[in-house]
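Remarks on the overall topology
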Amino acid sequence: NGTTGMAGTARQICSTSAVQTHLRWIQKLKLTNCFVAPEVWDYQRICDLGEKGRPIADCIFSLSVIHHIDNVSIHQYERAGFTRAAGTVNLIAKLLLLSSRHVIELPNRPWMKDAFDTYGTARGILEAAAVASGREWMFRGPICKTEWFGIREVWVLEPKVPMPEVDLTHSPMPLLFRGEESE
């Protein structure tokens with residue numbers, strides 16, 4: 001229901017069914033360089049992660065998650081002087097700068113209503129975010145389109161010009177899990 005991520009411990013977050021599913025897929029597919037960072041991401045955390053001006057990952061999977069980050073960031077948008085739609089776009093723009101490849105699923109209304117009212121479609125929102133990021137992005141998709149609480153589309157975005165490499169000597173996340181860790 002989204003409350004564990006706001007007030008739960010890392011252990012509680014990792015125990016949610018969504019995270020457990022993700023960890024099972026990491027193990028099943030033997031994705032040795034895929035991790036779950038059990039922490040709250042909001043607008044400010046994403047801004048903090050981007051402060052160094054370089055990606056923190058080779059690929060970020062934002063599957064059914066951006067609207068949750070958006071919802072917990074409303075007051076931060078207001079403090080930054082953004083409308084709700086502009087805050088959503090700025091959030092996604094800053095998220096784009098954290099990786100050179102993104103697999104993004106956006107929900108449809110009623111989530112992110114202001115952004116959909118302003119930009120019309122998931123692609124319209126992503127295009128606005130791409131422009132706001134200051135980089136040119138290539139779009140593939142939707143690579144998947146499903147009906148689940150409305151239409152949901154999955155898009156792949158990659159920069160047209162290569163981004164700096166990930167700094168492998170430092171992780172900005174205090175905890176990372178792959179699923180094989182003991183309880």
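My aim in this report is to walk through the structure given alongside it, one point at a time. Please read these numbers as outputs of a predicted model, since none were measured by experiment.

**Some remarks on the packing of helix α7 (residues 84-96) against helix α9 (residues 122-133)**
- Look at α7 against α9: their axes get within 8 Å of each other, and the N-to-C directions meet at 65°. With respect to the hand of their crossing, α7 and α9 are arranged in right-handed fashion. The segment α7 lies against α9, with V89, I92, A93 and L96 engaging I125, L126, A128, A129, A130, A132 and S133.
- Here the residues of the contact of α7 with α9 sort into ten nonpolar, one polar and no charged.

**Some words on the side chain of D42**
- Position of D42 relative to the elements: it lies in the loop between α3 (17-28) and α4 (43-49).
- Buried and without a salt bridge, D42 has R45 as its closest oppositely charged side chain, separated by 7.0 Å.
- A polar contact is formed between the side chain of D42 and the backbone nitrogen of R45, at a distance of 2.8 Å.
- In this structure the side chain of D42 is engaged in a polar contact, spanning 2.9 Å, whose partner is the side chain of Q76.
- Sequence-distant contacts of D42, that is, excluding residues within four places in its chain, are made with I69, V72, S73, Q76 and L91.

**Side note on the pairing of strand β4 (residues 151-159)**
- Of all nine residues in β4, eight are buried, a share of seventy percent or more.
- Sheet analysis places strand β3 (residues 137-147) next to β4, joined by eight bridges and oriented antiparallel. For E147, the partnering residue across the bridge sits in β4 and is I151.
- In sequence, β3 turns back onto β4 through a hairpin of three residues, with F149 there showing a positive phi of about 55°.

Parameters at a glance
Residues numbered from 1 in each chain as written. Predicted model: local features only at pLDDT ≥ 70, side-chain atom pairs only at ≥ 80, totals over all residues. Heavy atoms only, no water. Axes fitted to C-alpha atoms, helices over the stretch in contact; angles between N-to-C directions. Helix = DSSP H or I, 4+ residues; strand = E, 2+ residues; numbered from the N terminus. Left-handed = near helix turned anticlockwise from the far one by under 90°. Contact = heavy atoms within 4.5 Å. Nonpolar A, V, L, I, M, F, W, Y, C, P; charged D, E, K, R; others polar. Buried < 20%, exposed > 50% of the residue type's maximum accessible area, 1.4 Å probe, protein only. Lys, Arg positive; Asp, Glu negative; His and termini not counted. Salt bridge = Lys/Arg side-chain N within 4 Å of Asp/Glu carboxyl O. Polar contact = N/O pair within 3.5 Å; in protein donor to acceptor, adjacent residues only side chain to side chain. Pairing = 2+ DSSP bridges.

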